[in-house]
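As a plain string of letters, each chain reads:
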Amino acid sequence: MLPPLDRAADGAIRLITLDNPPVNALSFAYCAKLLEELEQAHADGGVEAVVFAGANGLFSAGADVNDFNQELPEHATTIRDVIAAVEASVKVHVAAIDGNALGGALELALVCDYRVATAAAKFGLPEIRLGLLPGAGGTQRLPRLIGARAALEFMLKGSAISAQRALALGLIDEIVDADLVARAKDRARGAKRRVSERQAIIAADLPPQAGPFVVAQAHKAVPPEENGGLAAHTLIDAVQAAVELPFAFGIARESRLFGELVRSGPSQALRHLFFAERELAKIDGIDGAARDDTEIESAGVVGAGTMGSGIAIAFAQAGIPVVVVDGSDEAVDKARQTVMGMFMYQVQKGRLTREEAWKRGRSIRFTGDWAELGAADVVVEAVFENLEVKREVFRKLDAIAKPGAILASNTSTLDIDALAAETKRPERVLGLHFFVPANVMPLLEIVRGRETSPRTIAAAFKIGKLLGKKAVLSGNAFGFIGNRMIFDYVREANALAEEGVAPVRIDAAMKAFGFPMGPFAMTDLSGLDIALAVQKARGAEALGRTGVLERLVQMGRLGQKSMAGYFKYDKAVGKGREPIVDPQVEELYAQAARTAGIAPRAAGDDEIRTRLLDALAERGRKLLDEGVALRPGDIDVVYVYGYGFPPHRGGPMWYAEHGRVSSSAASEGEGRLPAHA
Ligand code: 3H9
């Protein structure tokens, strides 16, 4: 069915509504339909203008990302064909944008003569986050419209901007507060002159600030190609084509570069993560009805330490008032300072207004009175990591919390069932494992106990969404998903050090792979005493062959907090956070290895990475077999968002399967170049 014609007194306007639920993705199949409608409008002498609008609460999320993972049909129609048809037409086209206009959809809007939008509309070219570049003319039209510098900044960030910002940038022509489509039609009626302007924009040179300098600066500001920067450098190359070449040549260059990126290892890895994230909350036995069942309007936290304060801030940031209970006045004072300091920092950075900071600060209430937790819909316990202490907390909470309230533990290793057993509501007990700092780190492990109900799991996913976290379901097993795997990774690093490979070399190899820090610096950060306690709980096998970790702890080398661990720290160097090689530690390893009869040997970077990453993947496979993790993609999300695994390598499970063959650039023979490339 064709959309209705609007025969107004001063001309006929055809409204074409992008309507492909849920997000109006511009799949090849949908683009074929769209093109047909558009061509009919163009061929119809009674139609003078076309207005594009979106159904389902948004304009469109852009190209269908699924299409890039498949062998393409011989003559696939893409958004480029639709855009080319608009370009070739002499009729006026207006985009009426409400909700998101992303990727290829924004590129469609860019070819229109006018863009009008509601104040709630959002605009983005997020292709970079998928390891791609805007490949439907965006890299050529946007620099011509708003200048190369602003266009590069917008496309390299990939985040969506508000209508107000888009107006200021010149990306849209008008913000409409009344009937959007009616206004778009008004624009179309009075706007025929813009057709020639559109041609002029294409023919014109770029604004003067767009020069080789802007391009060179941009290359310097992004990571190297081999370390997550492939798409960024390629995108900048496409903009360089906009600066240097006539429009048609630039478009051809953009197409070719886009095709290369679609096939590149990093983009495949990032697309895998995109879909893995969207699978996380799809759990057998948890249906949509259960999902919206529990209201989360207030929260409680037990413990005002680093973790408790961070969790409280996370709730406050989501607009959920929170009561924090702690018996220690000293801890409460410190937490109050931390919380206000954090909000004020955001004011300084311009991310929050002073009023908003005060409002958020006031929504966190500190008290020594447990009874105040009685009204909370969810209470998260964040006390000292000790089973007996936590058991006691759960007994108390069960007596105080209102019926139906969820009781969660922020434990990173302890048994959720043992805590649930202290309550009369085991179906409402689960783990909510935040990562330090809890208000910043995007990962949340949801730990399902034996009796945790599907309703409670659904509510936990809702909490995750409210807090803006990537929430991943884990079974109730020692260390859950993330820490269980990291133990094996750190143990393997220790084994390599026992064989004579210096910790600094091991760390360097993992940093060069893309981790923000290596395993030894990471252990220094989290504390050697903690690592030792955990390894001891795992038994002798986990402690390594030489007991170096135990020895370091005995020497009082607990990591950054004692200014010495596997490395040394000096307040004058990197604010006391920069690891400094300590020959004493290397000597300790050498001595211990001699005593244990371990022959020293050399290992190259490849071997270091293979051993450590294999340890991760092997444990991951076991967790899948045991049902602790549901899907390889869940594990990948845990590692990318909780442990700094480089996203362009897809996570440990993806990397083990695909990474080694295609981790850097485009590799041939991985499927035909997309027809539109
Ligand atoms: C591009 O445009 C390339 C062009 O430059 C060149 C072409 C030649 N494709 O996130 P949600 C699905 S590249 C396919 O849970 P929200 C998603 O999988 C594209 N599917 O909702 C999920 O499916 P399911 C550039 C998509 O409200 C459902 O929609 N565009 C796409 O939290 C709901 O998604 C982007 O990168 C897609 N493009 O957020 C935009 N988008 O229900 C990516 C969504 O089966 N998308 N789905 O699990 C987003 O950022 C968010 O999805 C959005 C909605 C903000 C739109």
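All values reported here derive from a predicted model rather than from experimental measurement.

### Topic: the overall build of the protein chain
Line of reasoning, step 1. Check the secondary structure of the protein chain and you find 28 helices and 17 strands.
Line of reasoning, step 2. Its C-alpha atoms give the protein chain a radius of gyration of 28 Å, near enough to 26 Å, the size a compact globule of 677 residues would have.
Line of reasoning, step 3. In terms of principal-axis extent, the alpha carbons of the protein chain reach across some 85 × 60 × 45 Å.
Line of reasoning, step 4. Looking at the protein chain as a whole, 55% of its 677 residues are labelled buried.
Line of reasoning, step 5. Considering only contacts in the protein chain between residues 6 or more positions apart, those separated by 24 or more positions represent 72%.
Line of reasoning, step 6. Accessible surface computed for the protein chain: about 28,400 Å², of which carbon and sulfur atoms make up 54%.
Line of reasoning, step 7. For the protein chain, the distance from the average position of its 78 positive side-chain charges to the average position of its 86 negative side-chain charges is 3 Å.

### Some thoughts on the sheet that holds strand E7 (residues 122–124)
In sheet architecture, strand pairing relies on hydrogen bonds along the backbone and comes in two forms, parallel and antiparallel.
Line of reasoning, step 1. Strand order in the open sheet made by the three strands is E5-E7-E8, with mixed pairing throughout. The strands lining the two open edges of the sheet, one partner per strand, are strand E5 (100–102) and strand E8 (161–162).
Line of reasoning, step 2. Note: E5 against E7, three bridges, orientation parallel. Bridge pairing links Ala101 to Phe123 in E7.

### Here's the deal with the site of the ligand
Line of reasoning, step 1. Taken together, 26 residues sit near the ligand, with Ala61, Glu107, Glu127, Arg278 and Lys282 positioned nearest.
Line of reasoning, step 2. At 2.6 Å, a side-chain N or O of Glu127 approaches an oxygen atom of the ligand.
Line of reasoning, step 3. With respect to the ligand, the backbone of Gly135 contributes an N or O atom lying 3.0 Å from an oxygen atom.
Line of reasoning, step 4. Here the ligand, which alone exposes 1,000 Å², has 73% of that area covered by the protein.
Line of reasoning, step 5. Among the residues making up the shell around the ligand, the classes are represented as 14 nonpolar, seven polar and five charged.

### Focus: the packing of helix H20 (residues 482–498) against helix H27 (residues 632–642)
Line of reasoning, step 1. One way to put it is that H20 packs onto H27 with a least axis distance of 10 Å and a crossing angle of 75°. With respect to H27, the axis of H20 lies roughly perpendicular. Contacts between H20 and H27 involve Gly482, Met485 and Ile486 from the first element and Ile635, Val638 and Tyr639 from the second.
Line of reasoning, step 2. Taken together, the residues of the contact of H20 with H27 break down into five nonpolar, one polar and no charged.

### Quick notes on the pairing of strand E14 (residues 406–409)
Regular strands show a simple pattern: their side chains alternate between the two faces of the sheet.
Line of reasoning, step 1. Burial along E14 is two-sided: the face carrying Ile406 and Ala408 and the face carrying Leu407 and Ser409 are both buried.
Line of reasoning, step 2. Since strand E13 (residues 378–381) and E14 lie parallel, the crossover through helix H17 (residues 387–400) that links them has a hand, and here it is right-handed.
Line of reasoning, step 3. Examined bridge by bridge, E14 and strand E15 (residues 429–434) share three bridges and lie parallel to one another. Note that in E15 the partner of Ala408 across the bridge is Leu430.

### Some points on H17
Line of reasoning, step 1. With 14 residues, H17 should reach 20 Å at 1.5 Å per residue; the first-to-last C-alpha distance of 20 Å fits that figure.
Line of reasoning, step 2. Within the sequence span of H17, burial applies to Lys390, Val393, Phe394, Leu397 and Asp398. Seen along its axis, H17 keeps its buried residues to an arc of 130°; they face one direction.
Line of reasoning, step 3. Of the residues flanking the start of H17, the one acting as N-cap is Asn386, its side-chain oxygen 2.9 Å from the backbone nitrogen of Glu388.

### What to know about the nonpolar core
Line of reasoning, step 1. Counting 67 residues, the largest nonpolar core has Phe52, Phe59, Ile97, Phe123, Leu142 and Leu171 as the members making the most contacts within it.
Line of reasoning, step 2. With seven residues, helix H10 (residues 230–244) is the largest single contributor of residues to this core.
Line of reasoning, step 3. Leu528, Val553, Ile635 and Val638 belong to the second-largest nonpolar core, a separate cluster that totals 57 residues.

### A look at H20
Because each turn of an α-helix spans 3.6 residues, side chains separated by three or four positions end up pointing in the same direction.
Line of reasoning, step 1. Relative to the 24 Å expected for 17 residues at 1.5 Å per residue, H20 spans 24 Å between its end C-alpha atoms, a close match to the ideal helical length.
Line of reasoning, step 2. By the criterion of burial, H20 is predominantly enclosed, with 16 of the 17 residues buried.

### Observations concerning the pattern of salt bridges
Line of reasoning, step 1. A complete count under the given rule lists 41 salt bridges for this structure.
Line of reasoning, step 2. Linking Glu587 and Arg594 is a salt bridge whose minimum nitrogen-to-oxygen distance equals 3.4 Å.
Line of reasoning, step 3. In this structure, a network of salt bridges that share partners links the residues Arg484, Asp488, Arg491, Glu492, Glu499, Arg601, Glu607, Arg611 and Arg619.

### Notes on the sheet that holds E13
Line of reasoning, step 1. Taken in spatial order, the eight strands make up an open sheet running E12-E11-E10-E13-E14-E15-E16-E17, and their pairing is mixed. At either end of the open sheet lies a strand with only one pairing partner, and these are strand E12 (364–367) and strand E17 (470–475). In this sheet, neighbouring strand axes are inclined to one another by 25° on average, regardless of whether the strands run parallel or antiparallel.
Line of reasoning, step 2. Sheet contacts for helix H14 (residues 306–317): strand E10 (299–302), strand E11 (322–325), E12, E13 and E15; angle to E10, the most-contacted strand, approximately 170°.

### Concerning the packing of aromatic side chains
Here a ring pair, both rings aromatic, is described through the centre-centre distance and the interplanar angle of the planes.
Line of reasoning, step 1. Within the structure shown, the criterion is met by 11 aromatic pairs.
Line of reasoning, step 2. In this structure, Lys396 packs its charged tip against the face of Trp370, placed 4.1 Å from the ring centre.
Line of reasoning, step 3. The positively charged end of Lys470 is found above the aromatic ring belonging to Tyr641, 5.1 Å away from the centroid.

### Notes on the domain arrangement of the protein chain
Line of reasoning, step 1. Segmentation of the protein chain into domains returns domain 1 (6–121 + 172–196), domain 2 (297–478) and domain 3 (483–600).
Line of reasoning, step 2. Using only C-alpha atoms to locate each centre, domain 2 and domain 3 end up separated by 31 Å.
Line of reasoning, step 3. Contact residues are listed per partner, giving four residues for domain 2 and six residues for domain 3.
Line of reasoning, step 4. Here domain 2 packs against domain 3, burying approximately 400 Å² in sum over the two surfaces, 63% of which is carbon and sulfur.
Line of reasoning, step 5. Contact with domain 3 buries area across many residues of domain 2, yet Ser412, Thr413 and Phe478 alone supply 85% of it, more than any other trio.
Line of reasoning, step 6. Joining domain 2 to domain 3, the criterion identifies zero salt bridges.

Here is what the cut-offs are and how they apply
Residues numbered from 1 in each chain as written. Predicted model: local features only at pLDDT ≥ 70, side-chain atom pairs only at ≥ 80, totals over all residues. Heavy atoms only, no water. Helix = DSSP H or I, 4+ residues; strand = E, 2+ residues; numbered from the N terminus. Rg over C-alpha atoms; globule rule 2.2 N^0.38 Å. Buried < 20%, exposed > 50% of the residue type's maximum accessible area, 1.4 Å probe, protein only. Contact = heavy atoms within 4.5 Å. Areas by Shrake-Rupley, 256 points an atom, 1.4 Å probe, with all protein chains shown as cover. Lys, Arg positive; Asp, Glu negative; His and termini not counted. Charge placed at Lys NZ, Arg CZ, Asp CG, Glu CD. Pairing = 2+ DSSP bridges. Near = heavy atom within 4 Å. Polar contact = N/O pair within 3.5 Å; in protein donor to acceptor, adjacent residues only side chain to side chain. Nonpolar A, V, L, I, M, F, W, Y, C, P; charged D, E, K, R; others polar. Axes fitted to C-alpha atoms, helices over the stretch in contact; angles between N-to-C directions. Parallel < 35°, antiparallel > 145°, perpendicular 65-115°, else oblique. Right-handed = clockwise from strand over helix to strand, strands pointing away. Expected span 1.5 Å × (residues − 1). Arc of directions from axis to C-beta. Core = buried A, V, L, I, M, F, W, Y, C linked by side-chain atoms within 4.5 Å. Salt bridge = Lys/Arg side-chain N within 4 Å of Asp/Glu carboxyl O. Phe/Tyr/Trp six-rings, centres within 6.5 Å; stacked < 30°, edge-to-face > 60°. Lys NZ or Arg CZ within 6 Å of the ring centre and 35° of its normal. Domains from an automatic or database assignment. Buried area = accessible area lost by both parts, 1.4 Å probe.

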